[in-house]
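Per-entry structural report
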Amino acid sequence: MQTVSTLEMLRKSIAALRREPVAEGSISAPASIGLVPTMGALHEGHLTLMRAARDQCDHVVASIFVNPTQFGKGEDLDAYPRQLAEDSAMLESVGVSLLWAPTVEAMYPGGPQSFASSISVSGVSAGFCGADRPGHFDGVATVVCKLFNQVQPDMAFFGEKDFQQLAVIRTMARDLDLTQPPVSQIIGVPTVREADGLAMSSRNRYLSPSDRAAAATLPTAMKTAIAQIESGGPVDAALSTLKSALLDAGFSSVDYASLADASTLAEITALSGGPARLLVAARIGGTRLIDNMPVD
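Sequence order sets the numbering: in each chain, residues are counted from 1 along the sequence as written. In keeping with the model being predicted, local features are shown solely for residues with a pLDDT of at least 70 and side-chain atom pairs are shown and tallied solely at 80 or more, while totals for entire chains, interfaces and linings include all residues. Water and hydrogen atoms were dropped before computing side-chain values, which therefore reflect all heavy atoms in the structure.

Attention now moves to the overall build of the protein chain. Under the DSSP-based scheme used, a helix requires at least four consecutive residues in state H or I and a strand at least two consecutive residues in state E, with every element numbered from the N terminus. Looking only at helices and strands, the protein chain features ten helices and eleven strands. Oriented by its inertia axes, the alpha-carbon framework of the protein chain measures out at about 55 × 45 × 40 Å. Put simply, the protein chain has 296 residues, and 51% of those count as buried. Two residues form a contact once any of their heavy atoms are found within 4.5 Å. Put simply, of all contacts in the protein chain between residues at least 6 apart along the chain, 70% involve residues at least 24 apart. Here the protein chain displays about 13,300 Å² of accessible surface, and carbon together with sulfur accounts for 52% of that area. None of His or the chain ends enter the tally, which takes Lys and Arg as positive and Asp and Glu as negative. Throughout, a charge is located at the NZ atom of Lys, the CZ atom of Arg, the CG atom of Asp or the CD atom of Glu. Considering the protein chain, the positive charge centre built from 22 side chains and the negative charge centre built from 31 side chains are found 3 Å apart. Think of it in three bands: with a 1.4 Å probe and only protein chains considered, a residue is buried below 20% of the maximum accessible area for its type, exposed above 50%, and partly exposed in between. Residue-level accessible areas treat just the shown protein chains as cover; the underlying method is Shrake-Rupley with a 1.4 Å probe.

In structure tokens:
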């Protein structure tokens, strides 16, 4: 696996990967590339994305960049774990061809504060984490757009755990005509969970042993609420029960617990026949956990 940290080297490396021909019948075609953007601190959930990309593309390019523009004031930018050597070994073990690990200066020449351009995606970014973290999804959309233009992948892979983020990226790509080259497809990969059901996250490592045990209440309470909703019970009652279960288990607060249309992320109060999603964000021991699950 090759690691590059400058845009010049990235472009040369991508061109070299493209030149590796792949036989498709009697026609020789350029190699396909799948991109998996990450902020590092990798876990099995990230590796599942890499494997999905490897199954569908000839080469996988992973990026590791802790993006300062998606962190708000008082958030954990400085504390966010950085472990490039360990992450590199994990990526190499699952067959990643190229690691793009830019510096902040390489991604934002002159520094983030002097970077003049920003992408804002209205609608799907407005509620949930967008309401709790103003400017967060502007930073996400901007850096992902840059990554798409830098790597020019055929496919890009994102975890469904950050469901609102995935919706923002899909909307941005559609609106800015990024669903043809540089990116032909954006693939959502189902959430990978621990044995007790907690969604895998780099922030889980912040939890104390007691908080980690209590955190398992989150997926359990979500499943209970979904069962109530799918059986025809009132949505508001199911959500109220969910919130109470989390607070009783030791969560300090529930930022949101809502049922939403899976495409538009508009909050709904009853199932209407289309796909829906239960989205939750709650805080325990100083750590903010998010999760979502489909509702049939």
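Looking now at the sheet that holds strand β1 (residues 2–4). In spatial order, the strands read β1-β6-β5-β4-β7-β8; together these six strands make up an open sheet with parallel pairing. The sheet is open, and its two borders are formed by β1 and β8 (185–189), each paired with just one other strand. Across this sheet, the average inter-strand angle for adjacent strands is 25°, counted without regard to direction. Of the strand pairs in this sheet, strand β7 (residues 155–159) and β8 are connected by five bridges, and their pairing is parallel. Across the sheet, Phe157 pairs through a bridge with Ile187, a residue of β8. Orientation is described by axes fitted as lines to C-alpha atoms, over the contacting stretch for helices, and by angles from 0 to 180 degrees between their N-to-C directions. With respect to the sheet, helix α1 (residues 7–18) is in contact with β1, β4 (33–38), β5 (59–64) and β6 (98–100), its orientation differing from that of β6 by roughly 155°. Contacts from helix α2 (residues 44–56) reach β4, β5, β7 and β8, with the element oriented near 155° to β7. Any two strands with at least two DSSP bridges between them are considered paired.

The next thing to look at is the packing of aromatic side chains. Two measures describe an aromatic ring pair: the distance that separates the ring centres and the angle between the ring planes. Here a pair means two rings of Phe, Tyr or Trp (six-membered ring of Trp) with centres within 6.5 Å. Their orientation is stacked below 30 degrees between planes, edge-to-face above 60, and tilted elsewhere. Under the criterion given, the structure shown has five aromatic pairs. Summarising the aromatic geometry, the rings of Tyr108 and Phe115 are spaced 5.0 Å apart at their centres and angled 80° between planes, so their arrangement reads as edge-to-face. Given the relative accessible area of 1%, Tyr108 is considered buried. Owing to a relative accessible area of 25%, Phe115 belongs among the partly exposed residues under this scheme. Ring centres of Phe148 and Phe158 lie 6.4 Å apart, and the angle between their planes is 70°; this geometry places the pair in the edge-to-face category. Of the two residues, Phe148 sits in helix α6 (residues 136–151) while Phe158 sits in strand β7, which places them ten residues apart along the sequence. When sorted by exposure, Phe148 lands in the same class as Phe158, which is buried. Put simply, the rings of Phe65, Tyr108 and Phe115 touch in pairs and so form one group of aromatic residues.

Quick look at the sheet that holds strand β9 (residues 253–261) now. Taken together, the three strands give an open sheet; going across it, the order is β9-β10-β11, and neighbouring strands pair in antiparallel fashion. Two strands bound the open sheet, and with one partner strand each, they are β9 and β11 (287–295). Geometrically, the sheet is characterised by an average inter-axis angle of 10° between neighbouring strands, direction not taken into account. Two elements, β9 and strand β10 (residues 276–284), share eight bridges in a ladder whose sense is antiparallel. Residue pairing in the sheet places Ser258 in a bridge with Leu279 of β10. Against the sheet, helix α9 (residues 217–230) makes contact with β9, β10 and β11, and its axis sits at roughly 30° relative to β11, the strand it touches most. Sitting on the sheet, helix α10 (residues 235–249) is in contact with β9 and β10, with an inclination near 150° to β9.

Turning to the side chain of Asn204, a few remarks are in order. Within the secondary structure, Asn204 sits in the loop between β8 and α8 (209–215). Under the relative-accessibility criterion, Asn204 is labelled buried at 11%. In contact with Asn204, other than residues within four places in its own chain, are Leu198, Ala199 and Leu289.

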